[in-house]
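Given next are the chains, with one letter for each unit.
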Amino acid sequence: MLVIIDYDAGNTYNVKKAFDYLKIPTTLTADPQQIKNCDGMILPGVGAFGPAMATLQERGLANLIKHEALAGKPLLGICLGMQMLFENSTEYGNHAGLGLIPGKVVAFPTETNYRVPQMGWNQNQLLQSKKDFDFLANEYTYFVHSYYVKCDLKYIVTAADYGVQVPALVRRQQIYGTQFHPEKSGAVGLRVLQTFAQKAVAK
Amino acid sequence: MLAKRIIPCLDVDQGRVKKGVNFLNLTDVGDPAEIAAEYQRQGADELVFLDITATNQRRKTMTEVVEQVSRQVFMPLTVGGGITSIAEIQALLKAGADKISLNSAAISNPSLITAGAKKFGNQCIVVAIDVKTDQASGKHFVYTHGGRQKTSFEAVEWAKRAVNLGAGELLITSMDQDGMKTGFAIDLYRKLGAAVDVPIIASGGAGNLQDFVDVFQQADVAGALAASVFHYRELTIAQVKESLKQAGVVIR
């Protein structure tokens, strides 16, 4: 069973609907026992970094997710959920993240003249072949964000160009993150969710 | 590169798509979920649902529509029409909407833009602006209540203010062009594009393939919205995208 971490994130229900459509069973929960017992965790997220991390901490979820992921449980962070996998963010102050992948979350540079937020379909460039996610090469997925991740290239599977290189799908061992919204990215997005689910259950 | 978006708009009345939609050979041509699914197959990048119901039951019905559509259509959904409160916004987002479009309420109660942006993020709040040109002065004035009421606001002035208040996107309909099928109001979008730095969606006037090419090549807009050309299948989304691609416009 996959667990979608329930902490009132904006896209939670749409993520659940996407898995329902794929007929992949998921439970929406904040219950520590269910999170401990599940095959894989999905961390959704929309909104600001600081308040979202604060909510995870208040509910005792931050340490639990971190502990489970470090013990080898598959984890998929989506959008803000992906950004929270990293060490810290400068969105309205300086906030610590889960620190599961080295890197930081920063604002788009103002000098590029690109409109912020980045809102729309951008193209994935495959930076490293991971076989399971090679289908994303040159595919467009849906992005909505004002901050982006800066991290070592070795964690970036696909990236999109928005004046800067925007990590689109990141991976460190069994920990995955998508800056785009797979639940809003049509057939290719659904395939991302399906691929993660297969890996989690096969593990 | 970010792709330009092609956005069909659906008018929903009491839970049913109202304008004739004749591209589907369906028994129930007015079903929003079926029509949305067909647009997804055609390659739409986003859908806008405009609630035109004028009854007290309206919000509940629209919430059900969004709930249904979002179970089988996986692209961004924007909902607008008569939304006046944070509670309504929240219910629609929970049902599956990604963005909420505010029009008349944004003018009468601008603090709703800010409250919505603070609670749900700027990316979630679209301010829709209906614009008509005053023939005598050439000024672009903002209209509300489905284009029935003229305001004293000029389009550029109100657009800037809406963005300062928290709007993450602007949906600009040219009432002069709307339904004319003679092309988008490119001058208007140029002016607005220079004035604000959030994405702008152009609406009103799409009649043929070249109209889409022109608006993307001549103005800095992120997307183009159309209703009738798609509903009546005068153009398919695939045709529009193919023609944009030929012209070198980045599309998905």
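- As annotated in an unreviewed UniProt entry, chain B carries the name Imidazole glycerol phosphate synthase subunit HisF and comes from Liquorilactobacillus nagelii.
- For chain B, the Function (unreviewed entry) comment in UniProt is given as "IGPS catalyzes the conversion of PRFAR and glutamine to IGP, AICAR and glutamate. The HisF subunit catalyzes the cyclization activity that produces IGP and AICAR from PRFAR using the ammonia provided by the HisH subunit."

- Chain A carries the name Imidazole glycerol phosphate synthase subunit HisH in an unreviewed UniProt entry, which gives Liquorilactobacillus nagelii as its organism.
- Turning to chain A, the UniProt record has this under Function (unreviewed entry): "IGPS catalyzes the conversion of PRFAR and glutamine to IGP, AICAR and glutamate. The HisH subunit catalyzes the hydrolysis of glutamine to glutamate and ammonia as part of the synthesis of IGP and AICAR. The resulting ammonia molecule is channeled to the active site of HisF."
- Taken verbatim from the UniProt record of chain A, the Subunit (unreviewed entry) comment is "Heterodimer of HisH and HisF."

**Let's talk about the UniProt feature "active site" (unreviewed entry) in chain A**
Point 1. Mapped onto this structure's residue numbering, the UniProt feature "active site" (unreviewed entry) falls at Cys79(A), His181(A) and Glu183(A). Spatially, the listed residues are clustered: although they cover 105 residues, their C-alpha atoms lie within 10.6 Å of one another.
Point 2. Looking at the element boundaries, Cys79(A) is found in the loop between β4 (75–78) and α5 (80–83).
Point 3. Since its relative accessible area comes to 6%, Cys79(A) is described here as buried.
Point 4. Beyond its immediate sequence surroundings of up to four residues, Cys79(A) is in contact with Gly45(A), Val144(A), Thr178(A), Gln179(A), Phe180(A) and His181(A).
Point 5. Among the secondary structure elements, Glu183(A) is positioned in the loop between β14 (175–178) and α6 (186–202).
Point 6. Leaving out residues up to four positions away in the same chain, Glu183(A) has contacts with Asn11(A), Asn14(A), Val15(A), Ala18(A), Ile78(A), Leu193(A) and Phe74(B).

**A closer look at the UniProt feature "domain: Glutamine amidotransferase" (unreviewed entry) in chain A**
Point 1. With numbering aligned to this structure, UniProt lists the feature "domain: Glutamine amidotransferase" (unreviewed entry) at residues 3–188 of chain A.
Point 2. For residues 3–188 of chain A, helix accounts for 23% and strand for 32%, while the C-alpha atoms at its two ends are 22 Å apart.

**Concerning α6(A)**
Point 1. End to end, α6(A) covers 24 Å across 17 residues, agreeing with the expected 24 Å (1.5 Å per residue, within 8%).
Point 2. For α6(A), every residue scored as buried is listed here: Gly186(A), Val188(A), Gly189(A), Leu190(A), Val192(A), Leu193(A), Thr195(A), Phe196(A), Ala197(A) and Ala200(A).

**A short note on the sheet that holds strand β12 (residues 156–161) of chain A**
All names here are of chain A.
Point 1. A sheet is described by the order of its strands in space; here eight strands give the open sequence β2-β1-β3-β4-β14-β13-β12-β9, paired in mixed fashion. Of all the strands in the sheet, just β2 (26–29) and β9 (125–126) have a single pairing partner and so form its edges.
Point 2. Inspection of the sheet shows β4 paired to β14 by four bridges, in the parallel sense. Paired with Gly 77 across the bridge in β14 is Gly 177.
Point 3. Helix α4 (residues 61–70) contacts β1 (2–5), β3 (40–43), β4 and β14 of the sheet and is inclined by roughly 135° relative to β3.
Point 4. On the sheet, α6 packs against β1, β3, β4, β13 (165–172) and β14 and is oriented at approximately 160° with respect to β4.

**Quick word on the sheet that holds strand β5 (residues 88–89) of chain A**
Residues and elements named next belong to chain A.
Point 1. With mixed pairing, four strands are arranged side by side in an open sheet as β6-β5-β7-β11. Either end of the sheet is taken by a strand with one partner, and the two such strands are β6 (95–96) and β11 (147–150).
Point 2. Examined bridge by bridge, β5 and β6 share two bridges and lie antiparallel to one another. Bridge pairing links Ser 89 to His 95 in β6.

**Some remarks on the nonpolar core**
Point 1. Core analysis: the largest hydrophobic core is formed by 83 residues, its most contacted members being Leu170(B), Tyr189(B) and Phe212(B).
Point 2. Ignoring sequence-local partners within four residues, the contact set of Phe212(B) consists of Ile6(B), Phe184(B), Ala206(B), Ala224(B), Ala226(B), Phe230(B), Leu235(B), Val240(B) and Leu244(B).

**With respect to the packing of aromatic side chains**
Point 1. Counting across every chain of the model gives twelve aromatic pairs over all chains.
Point 2. Plain terms: the ring middles of Tyr21(A) and Phe74(B) are 4.9 Å apart, the flat faces sit at 65° to each other, and that makes the pair edge-to-face. Of this pair, Tyr21(A) sits in helix α1 (residues 12–21) while Phe74(B) sits in the loop between α2 (58–72) and β4 (77–80), on two different chains.
Point 3. The class for Tyr21(A) is partly exposed, based on a relative accessible area of 42%.
Point 4. Looking at Lys150(B), its charged tip hangs above the ring of Phe141(B), at a distance of 4.3 Å from the centre.
Point 5. Across from the ring centre of Trp121(A), 3.6 Å away, lies the NZ or CZ of Arg252(B), which sits over that ring.

**Structural notes on the pattern of salt bridges**
Any two side chains of opposite charge can pair if their charged atoms end up close together.
Point 1. Counted under the stated rule, the structure contains 17 salt bridges over all chains.
Point 2. Among the salt bridges present, the one from Asp132(A) reaches Lys199(A), with a minimum N-O distance of 2.2 Å. Taken as a pair, Asp132(A) in the loop between β9 and β10 (140–145) and Lys199(A) in helix α6 lie far apart in primary sequence, 67 residues in all.
Point 3. By relative accessible area, which is 27% here, Lys199(A) ends up partly exposed.
Point 4. Between Arg5(B) and Glu46(B) there is a salt bridge, with the nearest N and O atoms lying 2.8 Å from each other. With Arg5(B) in strand β1 (residues 5–13) and Glu46(B) in the loop between α1 (32–42) and β3 (47–51), this residue pair connects regions lying 41 residues apart in the sequence.
Point 5. Judged by its relative accessible area of 0%, Arg5(B) is buried.
Point 6. A residue is classified by how much of its surface remains accessible, and Glu46(B), at 1% relative accessible area, is buried.
Point 7. Put simply, Arg5(B), Glu46(B), Lys99(B) and Glu169(B) are held in one network by salt bridges that share partners.

**A closer look at the environment of Ser152(B)**
All names here are of chain B.
Point 1. Mapped onto the elements, Ser 152 comes out in strand β8 (residues 149–154).
Point 2. Residue classification places Ser 152 among the exposed positions, given a relative accessible area of 65%.
Point 3. With ten residues separating them in the primary sequence, Ser 152 and Val 142 have C-alpha atoms 7.2 Å apart.

**What to know about α1(B)**
Point 1. Counted residue by residue, α1(B) has eight buried out of eleven residues, so it is predominantly covered.
Point 2. Every buried residue of α1(B) is listed here: Pro32(B), Ala33(B), Ile35(B), Ala36(B), Ala37(B), Glu38(B), Tyr39(B) and Gln42(B).

**Here we look at the interface of chain A and chain B**
Point 1. In this complex, chain A contributes 25 residues to the contact, which on the side of chain B involves 33 residues.
Point 2. Taken as a group, Arg115(A), Met119(A) and Trp121(A) account for 32% of the area that chain A buries against chain B, more than any other trio of residues on that side.
Point 3. The tally of links between chain A and chain B comes to three salt bridges.
Point 4. Put simply, Lys184(A) and Asp98(B) hold a salt bridge, and the shortest N to O gap is 2.7 Å.
Point 5. The interface formed by chain A and chain B includes 14 residue pairs in polar contact (both at pLDDT 80 or more).
Point 6. Where the side of chain A that touches chain B is concerned, the elements lending two or more residues are α1, β8 (118–123), β10 and α6 of chain A.
Point 7. For the side of chain A that touches chain B, the element with the most residues is β8(A), which contributes six residues.
Point 8. Here the residues of the side of chain A that touches chain B sort into 13 nonpolar, seven polar and five charged.

Rules used throughout
- Residues numbered from 1 in each chain as written.
- Chains lettered and ligands numbered in written order.
- Predicted model: local features only at pLDDT ≥ 70, side-chain atom pairs only at ≥ 80, totals over all residues.
- Heavy atoms only, no water.
- UniProt positions renumbered as here; feature names shortened; annotations may be inferred.
- Helix = DSSP H or I, 4+ residues; strand = E, 2+ residues; numbered from the N terminus.
- Buried < 20%, exposed > 50% of the residue type's maximum accessible area, 1.4 Å probe, protein only.
- Contact = heavy atoms within 4.5 Å.
- Expected span 1.5 Å × (residues − 1).
- Pairing = 2+ DSSP bridges.
- Axes fitted to C-alpha atoms, helices over the stretch in contact; angles between N-to-C directions.
- Core = buried A, V, L, I, M, F, W, Y, C linked by side-chain atoms within 4.5 Å.
- Phe/Tyr/Trp six-rings, centres within 6.5 Å; stacked < 30°, edge-to-face > 60°.
- Lys NZ or Arg CZ within 6 Å of the ring centre and 35° of its normal.
- Salt bridge = Lys/Arg side-chain N within 4 Å of Asp/Glu carboxyl O.
- Buried area = accessible area lost by both parts, 1.4 Å probe.
- Polar contact = N/O pair within 3.5 Å; in protein donor to acceptor, adjacent residues only side chain to side chain.
- Nonpolar A, V, L, I, M, F, W, Y, C, P; charged D, E, K, R; others polar.

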